[in-house]
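# Analysis of the macromolecular model
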Amino acid sequence: MAVADCIFCRIVAGEIPATRLFEDDHVLAFADIHPSAPVHFLVIPKQHIPTLDDVTEAHEPVLGHMLRVASALAKEQGIGDTGYRQVINCREQAGQVVFHLHLHVIGGREMGKMG
Ligand code: 5GP
Ligand code: ZN
């Protein structure tokens, strides 16, 4: 169910504009508003799931689908061969600021080791 004050639920509903890259019944992909690399987009479940810790067994199919959609779009965006990162931040210390689960897909530049 959509959460009224959730920015990403509002993007799903079309109430806030976004550069939409892909959409089906379960997921939406759109360009990140503050890209941290030449290619930076987000893949989200349409259903409101606040964090990775709220994922249940019932969500496993949509999470797998998100990974596959992300890879297909990465190829489409021209970073399939050079490589890219898929990142999900969980809670404050990891840098999560939007509490609607989202997968970052980042590429198009050299990236250092994580940590
Ligand atoms: P987090 O830090 O929670 O993992 O990532 C949230 C991401 O959402 C950030 O990279 C931020 O730039 C992006 N973001 C926040 N608000 C909006 C918005 O209204 N539109 C779009 N397209 N991206 C947003
Ligand atoms: Zn939401």
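The sections below set out a description of the structure shown in this document.

Calculation criteria
- Residues numbered from 1 in each chain as written.
- Chains lettered and ligands numbered in written order.
- Predicted model: local features only at pLDDT ≥ 70, side-chain atom pairs only at ≥ 80, totals over all residues.
- Heavy atoms only, no water.
- 1 Å grid on protein atoms, 1.4 Å probe; cavity = no way out; pocket = protein on both sides within 12 Å on 5 of 7 lines; lining within 4 Å.
- Points joined across faces, edges and corners; volume = space filled by probe spheres on them.
- Helix = DSSP H or I, 4+ residues; strand = E, 2+ residues; numbered from the N terminus.
- Nonpolar A, V, L, I, M, F, W, Y, C, P; charged D, E, K, R; others polar.
- Near = heavy atom within 4 Å.
- Polar contact = N/O pair within 3.5 Å; in protein donor to acceptor, adjacent residues only side chain to side chain.
- Sits in = over half its atoms within 2 Å of the grid points.
- Pairing = 2+ DSSP bridges.
- Axes fitted to C-alpha atoms, helices over the stretch in contact; angles between N-to-C directions.
- Contact = heavy atoms within 4.5 Å.

Attention now moves to the layout of surface pockets. Taken as a whole, the largest pocket encloses approximately 370 Å³ of empty space. Considering the residues around the largest pocket, the lining is formed by 20 residues, among which Phe8, Phe30, Asp32, Ile33 and Leu42 are closest to the centre. At the level of elements, α1 (7-12) and β2 (27-31) are the ones that each hand at least two residues to the lining of the largest pocket. Here the lining of the largest pocket gets 3 residues from one element, more than from any other, and that element is α1. Across the lining of the largest pocket, the residue classes tally to 12 nonpolar, 7 polar and 1 charged.

It is worth spelling out the site of ligand 1 at this point. Close to ligand 1 lie 16 residues, the nearest being Asp32, Gly95, Val97, His102 and His104. Within the backbone of isoleucine 33, an N or O atom sits 3.3 Å from a nitrogen atom of ligand 1. Take valine 97: an N or O atom from its main chain is 2.7 Å from an oxygen atom of ligand 1. Structurally, ligand 1 is housed in the largest pocket. The dominant element in the shell around ligand 1, judged by the number of residues it contributes, is α1, at 3 residues.

Below, the discussion takes up the sheet that holds strand β4 (residues 84-87). Either a parallel or an antiparallel arrangement is found when strands of a sheet pair, and the pairing is made through backbone hydrogen bonds. Pairing is antiparallel across the open sheet formed by 5 strands, whose spatial order is β1-β2-β3-β5-β4. Of all strands in the sheet, those bounded by a partner on one side alone are β1 (20-23) and β4. For this sheet, the mean inter-axis angle between neighbouring strands, taken without regard to orientation, is 15°. Summarising the sheet, β1 and β2 pair through 3 bridges and their orientation is antiparallel. Within β2, the residue paired with arginine 20 across the bridge is phenylalanine 30. Of the strands in this sheet, β1, β2, β3 (39-45), β4 and β5 (103-107) touch helix α2 (residues 60-76), which is tilted by about 155° from β3.

Attention now moves to the side chain of histidine 100. Considering the arrangement of structural elements, one finds histidine 100 in the loop between β4 and β5. Polar contacts involving the side chain of histidine 100 include one to the main-chain carbonyl oxygen of glutamine 47, which spans 3.5 Å. Excluding anything up to four places from it in sequence, histidine 100 contacts Cys6, Phe8, Cys9, Ile44, Pro45, Lys46, Gln47, His48, Ile49 and Pro50.

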